[in-house]
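The residues making up each chain are set out below.
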Amino acid sequence: MKIYYKIDDFLDARSKLNSKKIILVPTMGSIHEGHISLINKAKLYADIVIVTIFINPIQFNSSIDYDSYPRSIEEDKKTLEKNGVDILFCPSTPEIYPEKFQTSVNVRLFSEVLEGKFRKGHMEGVATIVTKLFNLVRPDFAIFGEKDFQQLLLIKSFVQDLNIPVKIISGETIRDNEGLALSSRNEKLTNNEKTQAIQIIKSLNLGVEKIRSGEKESDKIIKKIRDYLEDFNLIQIEYISIRDVNNFEKVHQIDRDVIVLIAAFVGKTRLIDNLIYRKKNG
Ligand code: PAF
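The residue numbers shown here count from 1 along each chain, following its written sequence. In view of the model being predicted, local features appear only for residues whose pLDDT reaches at least 70, and side-chain atom pairs are presented and counted only at 80 or more, with totals across whole chains, interfaces and linings using the full set of residues. Hydrogens and waters are ignored; side-chain quantities use all the structure's heavy atoms.

Caption draft 1: Just the site of the ligand, in detail. Being near a molecule or strand, for a residue, means having at least one of its heavy atoms within 4 Å of it. Near the ligand the following residues occur: Pro26, Thr27, Met28, Asn56, Gln59, Ile129, Phe144 and Gln151. A 3.5 Å cut-off defines polar contacts: any pair of N or O atoms within that distance qualifies, except that in protein one atom must be a possible hydrogen donor and the other a possible acceptor, and neighbouring residues in sequence count only when both atoms are side-chain atoms. Between an oxygen atom of the ligand and a side-chain N or O atom of Gln59, the distance comes to 2.6 Å. Contact between the ligand and Gln151: an oxygen atom at 2.7 Å from a side-chain N or O atom of the residue. Under the convention used here, a 1.4 Å probe and the Shrake-Rupley method define accessible areas, while residue burial counts only the protein chains that appear. The protein chains hide 88% of the 290 Å² of surface that the ligand would expose on its own. All amino acids are sorted into three groups, where Ala, Val, Leu, Ile, Met, Phe, Trp, Tyr, Cys and Pro are nonpolar, Asp, Glu, Lys and Arg are charged, and the leftover types, Gly among them, are polar. When the residues that make up the shell around the ligand are grouped by side-chain class, the tally is 4 nonpolar, 4 polar and no charged.

Caption draft 2: Structural context of the sheet that holds strand E2 (residues 22–27). A strand pair is defined by DSSP finding two or more bridges across the two strands. To qualify as a helix, a DSSP run of H or I must reach at least 4 residues; to qualify as a strand, a run of E must reach at least 2; elements of each kind are numbered from the N terminus. If you trace the 6 strands from one edge of the open sheet to the other, you get E1-E4-E3-E2-E5-E6, paired in parallel fashion. Each edge of the sheet is formed by a strand with only one pairing partner; in this case those strands are strand E1 (2–4) and strand E6 (167–171). Strand after strand, the sheet turns through a mean of 25° between neighbouring axes, direction not considered. Two strands pair when backbone bridges link them, and strand E5 (residues 141–145) and E6 are joined in this way by 5 bridges, in the parallel orientation. In the strand pairing of E6, Ala142 is matched with Ile168. By definition in these notes, contact holds between two residues if any of their heavy atoms fall within 4.5 Å. Helix axes are fitted to C-alpha atoms over the stretch in contact, other axes to C-alpha atoms as well, and angles between N-to-C directions run from 0 to 180 degrees. Along the sheet, helix H4 (residues 73–82) contacts E1, strand E3 (48–53) and strand E4 (87–89); its crossing angle with E3, the most-contacted strand, is approximately 170°.

Caption draft 3: How the structure looks around helix H10 (residues 191–212). A helix is expected to reach a length of 1.5 Å times the quantity of its residues less one. With 22 residues, H10 extends 33 Å between its outermost C-alpha atoms, agreeing within 8% with the 32 Å of an ideal straight helix rising 1.5 Å per residue. All buried positions along H10 are accounted for by Glu193, Gln196, Ala197, Ile198, Gln199, Ile200, Ile201, Ser203, Leu204, Gly207, Val208 and Ile211. Looking at the buried residues of H10, the elements they touch are helix H11 (218–229), strand E7 (235–244), strand E8 (258–266) and strand E9 (269–277). Trailing H10 by a residue or two, Gly214 shows a phi angle of about 120°, which is positive. For the exposure calls, accessible area comes from a 1.4 Å probe over protein chains only, and a residue counts as buried if that area is under 20% of its type's maximum, exposed if over 50%, partly exposed in between.

Caption draft 4: Main features of the environment of Val25. As for its placement among the helices and strands, Val25 is situated in strand E2. Between the alpha carbons of Val25 and Ala42 there is a distance of 7.6 Å; along the sequence they are 17 residues apart. Those residues in contact with Val25 that lie beyond four places of it in its chain are Leu38, Ile39, Ala42, Val49, Ile50, Val51, Thr52 and Ile143.

Caption draft 5: How the structure looks around the packing of aromatic side chains. Side-chain rings of Phe, Tyr and Trp (the six-membered ring for Trp) are treated as a pair once their centres are within 6.5 Å; stacked means planes under 30 degrees apart, edge-to-face means over 60, and tilted covers the remaining angles. Inspection of every chain in the model, using the stated rule, returns 12 aromatic pairs. Relative to Phe10, the ring of Tyr4 lies with its centre 6.3 Å away and its plane at 70°, an arrangement referred to as edge-to-face. Exposure class is identical for Tyr4 and Phe10. Each is buried. Centroid distance Phe134 to Phe158: 6.5 Å. Interplanar angle 45°. Geometry classified as tilted.

Caption draft 6: Layout of the pattern of salt bridges. Each salt bridge in this description consists of a side-chain nitrogen of Lys or Arg and a carboxyl oxygen of Asp or Glu lying within 4 Å of one another. If you walk through the whole model with that rule in mind, you get 14 salt bridges. For Glu74, the salt bridge is made with Lys77, and the minimal N-O distance between the two is 3.1 Å. Separated by 3 residues within a single helix, Glu74 and Lys77 lie in helix H4, roughly one turn from each other. Residues Glu238 and Arg270 are paired through a salt bridge, measuring 2.7 Å at the closest nitrogen-oxygen approach. Of this pair, Glu238 sits in strand E7 while Arg270 sits in strand E9, placing them 32 residues apart in sequence. Put simply, Asp65, Arg119 and Arg185 are held in one network by salt bridges that share partners.

Caption draft 7: Focus on the packing of helix H8 (residues 122–137) against helix H9 (residues 149–161). Packing of H8 against H9 leaves a shortest axis separation of 10 Å and a crossing angle of 55°. Accordingly, the angle class assigned to the pair H8 and H9 is oblique. For H8 against H9, the interelement crossing comes out right-handed. In contact with Met123, Val126, Ala127, Val130, Thr131 and Phe134 of H8, H9 contributes Gln150, Gln151, Leu154, Ile155, Phe158 and Val159. For the contact of H8 with H9, the residue count by class is 9 nonpolar, 3 polar and no charged. Roughly parallel covers angles under 35 degrees, roughly antiparallel covers those over 145, roughly perpendicular covers 65 to 115, and oblique covers all other angles. Helix crossings fall into two classes, left-handed where the near helix is turned counterclockwise from the far one by less than a right angle and right-handed where it is turned clockwise.

Caption draft 8: Looking closely at the sheet that holds E8. Taken together, 3 strands build an open sheet; the order of strands is E7-E8-E9 and the sheet is antiparallel. In the strand order of this sheet, the two ends are held by E7 and E9, each with one partner. Each strand of the sheet is rotated relative to its neighbour by a mean of 15°, with strand direction disregarded. In this sheet, E8 lies alongside E7 in antiparallel orientation, the contact comprising 9 bridges. Directly across from Ser241, in E8, lies its bridge partner Leu261. Packed on one face of the sheet, H11 meets E7 and E8 and runs near 160° to E7.

Quick look at the structure:
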(Lines give C-alpha, C1' and ligand atoms only; values in the text may rest on other atoms or scores of the structure.)
Protein backbone atom coordinates (compact mmCIF):
# COMPACT_ATOMS: atom_id res chain seq x y z
CA MET A 1 0.00 0.00 0.00
CA LYS A 2 1.34 3.42 -0.96
CA ILE A 3 0.74 6.24 1.51
CA TYR A 4 0.63 9.93 0.60
CA TYR A 5 0.42 12.91 2.93
CA LYS A 6 0.90 15.78 0.48
CA ILE A 7 -1.57 16.73 -2.25
CA ASP A 8 1.21 17.15 -4.86
CA ASP A 9 2.67 13.68 -4.18
CA PHE A 10 -0.79 12.15 -4.31
CA LEU A 11 -1.66 13.92 -7.59
CA ASP A 12 1.60 12.76 -9.10
CA ALA A 13 0.75 9.13 -8.26
CA ARG A 14 -2.85 9.63 -9.42
CA SER A 15 -1.69 10.89 -12.83
CA LYS A 16 -0.09 7.50 -13.50
CA LEU A 17 -3.41 5.67 -13.01
CA ASN A 18 -5.41 7.16 -15.85
CA SER A 19 -6.11 3.83 -17.53
CA LYS A 20 -7.42 2.23 -14.30
CA LYS A 21 -10.89 2.16 -12.76
CA ILE A 22 -10.66 3.85 -9.38
CA ILE A 23 -12.92 3.69 -6.35
CA LEU A 24 -12.67 6.05 -3.40
CA VAL A 25 -13.49 5.08 0.19
CA PRO A 26 -13.46 8.32 2.21
CA THR A 27 -13.04 7.84 5.98
CA MET A 28 -12.14 9.73 9.11
CA GLY A 29 -10.01 6.82 10.32
CA SER A 30 -10.47 4.59 13.39
CA ILE A 31 -10.98 1.84 10.86
CA HIS A 32 -13.46 -0.85 11.94
CA GLU A 33 -15.35 -3.73 10.33
CA GLY A 34 -17.85 -1.29 8.81
CA HIS A 35 -15.03 0.32 6.79
CA ILE A 36 -13.57 -3.09 5.89
CA SER A 37 -16.92 -4.15 4.51
CA LEU A 38 -16.97 -0.98 2.32
CA ILE A 39 -13.41 -1.74 1.15
CA ASN A 40 -14.34 -5.32 0.26
CA LYS A 41 -17.38 -4.15 -1.68
CA ALA A 42 -15.24 -1.44 -3.33
CA LYS A 43 -12.88 -4.08 -4.76
CA LEU A 44 -15.77 -5.50 -6.82
CA TYR A 45 -16.11 -2.23 -8.75
CA ALA A 46 -12.60 -1.08 -9.59
CA ASP A 47 -8.94 -1.93 -10.16
CA ILE A 48 -7.61 0.48 -7.57
CA VAL A 49 -9.02 1.14 -4.10
CA ILE A 50 -8.05 4.52 -2.65
CA VAL A 51 -8.86 5.17 1.00
CA THR A 52 -8.63 8.64 2.50
CA ILE A 53 -8.27 9.35 6.19
CA PHE A 54 -9.03 12.93 7.07
CA ILE A 55 -10.79 14.09 10.23
CA ASN A 56 -12.60 16.98 8.66
CA PRO A 57 -12.74 19.85 11.17
CA ILE A 58 -15.47 21.77 9.33
CA GLN A 59 -18.05 19.00 9.74
CA PHE A 60 -17.83 19.09 13.56
CA ASN A 61 -20.13 21.57 15.23
CA SER A 62 -18.09 21.60 18.42
CA SER A 63 -14.33 21.75 18.93
CA ILE A 64 -14.70 19.37 21.91
CA ASP A 65 -16.27 16.77 19.61
CA TYR A 66 -13.49 17.31 17.03
CA ASP A 67 -10.70 17.10 19.62
CA SER A 68 -12.10 13.96 21.20
CA TYR A 69 -12.83 12.14 17.92
CA PRO A 70 -10.91 8.81 18.07
CA ARG A 71 -7.56 8.79 16.24
CA SER A 72 -5.51 5.66 15.52
CA ILE A 73 -3.55 6.35 12.35
CA GLU A 74 -0.73 3.81 12.87
CA GLU A 75 -3.19 1.01 13.64
CA ASP A 76 -5.35 2.10 10.68
CA LYS A 77 -2.42 1.89 8.24
CA LYS A 78 -1.77 -1.73 9.27
CA THR A 79 -5.44 -2.68 8.98
CA LEU A 80 -5.83 -1.04 5.56
CA GLU A 81 -2.66 -2.66 4.24
CA LYS A 82 -3.83 -6.07 5.50
CA ASN A 83 -7.15 -5.58 3.75
CA GLY A 84 -5.70 -4.96 0.31
CA VAL A 85 -6.05 -1.20 -0.03
CA ASP A 86 -3.86 0.12 -2.87
CA ILE A 87 -3.42 3.75 -1.85
CA LEU A 88 -3.95 5.62 1.40
CA PHE A 89 -4.15 9.40 1.21
CA CYS A 90 -4.07 11.12 4.59
CA PRO A 91 -3.49 14.85 4.16
CA SER A 92 -3.02 17.29 7.03
CA THR A 93 -5.61 19.98 7.80
CA PRO A 94 -3.52 22.85 6.31
CA GLU A 95 -3.07 20.78 3.11
CA ILE A 96 -6.84 20.59 2.73
CA TYR A 97 -7.82 23.96 4.18
CA PRO A 98 -5.05 26.50 3.57
CA GLU A 99 -5.45 29.84 5.31
CA LYS A 100 -7.38 31.51 2.50
CA PHE A 101 -9.87 28.68 1.98
CA GLN A 102 -13.37 30.16 1.77
CA THR A 103 -15.59 27.94 -0.33
CA SER A 104 -18.40 25.69 0.82
CA VAL A 105 -20.93 23.38 -0.79
CA ASN A 106 -24.45 23.65 0.58
CA VAL A 107 -27.32 21.34 -0.34
CA ARG A 108 -30.36 23.16 1.03
CA LEU A 109 -32.76 20.34 1.96
CA PHE A 110 -30.11 18.27 3.72
CA SER A 111 -28.54 21.20 5.56
CA GLU A 112 -31.82 22.20 7.13
CA VAL A 113 -33.20 18.97 8.59
CA LEU A 114 -32.16 16.31 11.16
CA GLU A 115 -28.35 16.02 11.05
CA GLY A 116 -28.20 19.42 9.33
CA LYS A 117 -30.46 21.02 11.93
CA PHE A 118 -29.01 19.43 15.06
CA ARG A 119 -25.37 19.71 13.96
CA LYS A 120 -25.14 23.18 12.44
CA GLY A 121 -22.70 23.24 9.52
CA HIS A 122 -22.23 19.46 9.54
CA MET A 123 -23.87 18.66 6.20
CA GLU A 124 -22.14 21.60 4.52
CA GLY A 125 -18.82 20.43 5.95
CA VAL A 126 -19.37 16.94 4.57
CA ALA A 127 -20.46 18.21 1.14
CA THR A 128 -17.42 20.49 0.95
CA ILE A 129 -14.80 17.88 1.88
CA VAL A 130 -16.35 15.16 -0.28
CA THR A 131 -16.45 17.52 -3.29
CA LYS A 132 -12.82 18.37 -2.65
CA LEU A 133 -11.86 14.68 -2.37
CA PHE A 134 -13.73 13.92 -5.59
CA ASN A 135 -11.75 16.67 -7.36
CA LEU A 136 -8.43 15.44 -6.00
CA VAL A 137 -8.97 11.70 -6.48
CA ARG A 138 -11.17 11.85 -9.61
CA PRO A 139 -12.58 8.38 -8.87
CA ASP A 140 -14.98 6.47 -11.12
CA PHE A 141 -16.86 5.29 -8.03
CA ALA A 142 -17.10 6.25 -4.38
CA ILE A 143 -18.67 4.22 -1.60
CA PHE A 144 -20.45 5.40 1.55
CA GLY A 145 -22.18 3.51 4.38
CA GLU A 146 -25.96 3.47 4.82
CA LYS A 147 -25.59 4.13 8.55
CA ASP A 148 -25.03 7.78 7.63
CA PHE A 149 -28.08 7.73 5.41
CA GLN A 150 -28.65 11.48 5.24
CA GLN A 151 -24.99 11.90 4.26
CA LEU A 152 -25.44 9.28 1.53
CA LEU A 153 -28.46 11.09 0.05
CA LEU A 154 -26.73 14.47 0.41
CA ILE A 155 -23.77 13.19 -1.62
CA LYS A 156 -26.00 11.59 -4.28
CA SER A 157 -27.87 14.87 -4.49
CA PHE A 158 -24.92 17.23 -5.08
CA VAL A 159 -23.24 14.74 -7.43
CA GLN A 160 -26.37 14.93 -9.56
CA ASP A 161 -26.88 18.70 -9.19
CA LEU A 162 -23.27 19.54 -10.03
CA ASN A 163 -22.83 16.83 -12.71
CA ILE A 164 -19.87 15.31 -10.89
CA PRO A 165 -18.82 12.21 -12.87
CA VAL A 166 -18.66 9.80 -9.91
CA LYS A 167 -21.00 6.85 -9.40
CA ILE A 168 -22.08 6.59 -5.77
CA ILE A 169 -22.26 3.09 -4.27
CA SER A 170 -23.73 2.37 -0.86
CA GLY A 171 -22.72 -0.25 1.69
CA GLU A 172 -25.07 -1.77 4.23
CA THR A 173 -24.74 -0.99 7.93
CA ILE A 174 -22.53 -3.49 9.72
CA ARG A 175 -23.60 -4.38 13.26
CA ASP A 176 -21.97 -6.18 16.17
CA ASN A 177 -23.44 -9.42 17.58
CA GLU A 178 -25.94 -7.46 19.62
CA GLY A 179 -27.09 -5.26 16.78
CA LEU A 180 -25.18 -2.07 17.60
CA ALA A 181 -24.30 -0.29 14.34
CA LEU A 182 -20.51 -0.10 14.04
CA SER A 183 -19.16 3.41 14.41
CA SER A 184 -15.82 4.90 15.41
CA ARG A 185 -17.70 6.66 18.20
CA ASN A 186 -18.63 3.31 19.86
CA GLU A 187 -15.09 3.21 21.28
CA LYS A 188 -16.12 5.97 23.67
CA LEU A 189 -19.01 3.99 25.21
CA THR A 190 -18.63 2.51 28.70
CA ASN A 191 -20.01 -1.03 29.24
CA ASN A 192 -23.18 0.39 30.78
CA GLU A 193 -23.65 2.81 27.91
CA LYS A 194 -23.11 0.03 25.38
CA THR A 195 -25.86 -2.05 26.98
CA GLN A 196 -28.19 0.90 26.56
CA ALA A 197 -26.93 1.80 23.05
CA ILE A 198 -28.13 -1.56 21.71
CA GLN A 199 -31.66 -0.50 22.63
CA ILE A 200 -31.57 1.93 19.70
CA ILE A 201 -31.71 -0.82 17.06
CA LYS A 202 -34.22 -2.72 19.23
CA SER A 203 -36.49 0.33 19.20
CA LEU A 204 -36.10 0.70 15.42
CA ASN A 205 -37.04 -2.96 14.95
CA LEU A 206 -40.08 -2.42 17.15
CA GLY A 207 -41.13 0.55 15.03
CA VAL A 208 -40.72 -1.31 11.74
CA GLU A 209 -42.60 -4.34 13.13
CA LYS A 210 -45.47 -2.01 14.02
CA ILE A 211 -45.55 -0.70 10.44
CA ARG A 212 -45.57 -4.28 9.14
CA SER A 213 -48.45 -5.15 11.43
CA GLY A 214 -50.55 -2.41 9.80
CA GLU A 215 -49.89 0.90 11.62
CA LYS A 216 -49.49 3.59 8.97
CA GLU A 217 -49.36 6.77 11.06
CA SER A 218 -45.78 7.96 11.48
CA ASP A 219 -46.60 9.85 14.70
CA LYS A 220 -47.80 6.65 16.37
CA ILE A 221 -44.69 4.72 15.31
CA ILE A 222 -42.45 7.53 16.54
CA LYS A 223 -44.31 7.59 19.88
CA LYS A 224 -43.88 3.82 20.25
CA ILE A 225 -40.10 4.16 19.69
CA ARG A 226 -39.84 7.16 22.01
CA ASP A 227 -41.80 5.40 24.79
CA TYR A 228 -39.56 2.37 24.50
CA LEU A 229 -36.32 4.37 24.68
CA GLU A 230 -37.52 6.55 27.54
CA ASP A 231 -37.03 3.61 29.94
CA PHE A 232 -33.26 3.81 29.46
CA ASN A 233 -31.80 6.53 31.65
CA LEU A 234 -28.54 7.05 29.72
CA ILE A 235 -30.33 7.66 26.42
CA GLN A 236 -31.21 11.20 25.44
CA ILE A 237 -33.14 11.27 22.15
CA GLU A 238 -32.29 14.10 19.74
CA TYR A 239 -34.68 13.12 16.98
CA ILE A 240 -36.77 10.26 15.65
CA SER A 241 -38.01 10.77 12.12
CA ILE A 242 -39.71 8.81 9.35
CA ARG A 243 -38.78 9.91 5.83
CA ASP A 244 -39.16 8.84 2.23
CA VAL A 245 -36.18 6.59 1.52
CA ASN A 246 -35.63 8.16 -1.92
CA ASN A 247 -36.25 11.90 -1.57
CA PHE A 248 -35.95 12.26 2.23
CA GLU A 249 -39.29 14.08 2.55
CA LYS A 250 -41.08 13.72 5.87
CA VAL A 251 -43.76 11.02 5.65
CA HIS A 252 -46.96 11.26 7.70
CA GLN A 253 -48.88 8.26 6.30
CA ILE A 254 -46.66 5.29 5.51
CA ASP A 255 -47.72 4.42 1.97
CA ARG A 256 -44.26 3.95 0.43
CA ASP A 257 -40.70 2.84 1.25
CA VAL A 258 -39.51 4.74 4.30
CA ILE A 259 -36.52 5.02 6.55
CA VAL A 260 -36.84 5.42 10.31
CA LEU A 261 -33.96 7.48 11.66
CA ILE A 262 -32.76 8.13 15.19
CA ALA A 263 -30.08 10.33 16.73
CA ALA A 264 -29.49 10.02 20.45
CA PHE A 265 -26.86 10.69 23.04
CA VAL A 266 -25.89 7.66 25.06
CA GLY A 267 -24.08 9.26 27.95
CA LYS A 268 -21.85 11.83 26.24
CA THR A 269 -21.62 9.95 22.94
CA ARG A 270 -23.90 10.90 20.08
CA LEU A 271 -25.02 7.93 17.97
CA ILE A 272 -27.17 7.68 14.86
CA ASP A 273 -28.89 4.65 13.38
CA ASN A 274 -31.70 3.86 10.96
CA LEU A 275 -33.82 1.06 9.57
CA ILE A 276 -35.53 0.88 6.17
CA TYR A 277 -39.08 -0.40 5.71
CA ARG A 278 -39.82 -1.55 2.17
CA LYS A 279 -43.47 -1.82 1.23
CA LYS A 280 -43.04 -4.82 -1.06
CA ASN A 281 -41.75 -6.89 1.89
CA GLY A 282 -44.98 -6.12 3.74
O1 PAF B 1 -18.61 9.36 6.98
C2 PAF B 1 -17.50 9.88 7.22
O3 PAF B 1 -16.59 9.24 7.78
C4 PAF B 1 -17.26 11.32 6.85
O5 PAF B 1 -18.40 12.09 6.99
C6 PAF B 1 -16.67 11.50 5.42
C7 PAF B 1 -17.62 11.00 4.36
C8 PAF B 1 -15.35 10.75 5.33
C9 PAF B 1 -16.41 12.98 5.14
O10 PAF B 1 -15.52 13.51 6.06
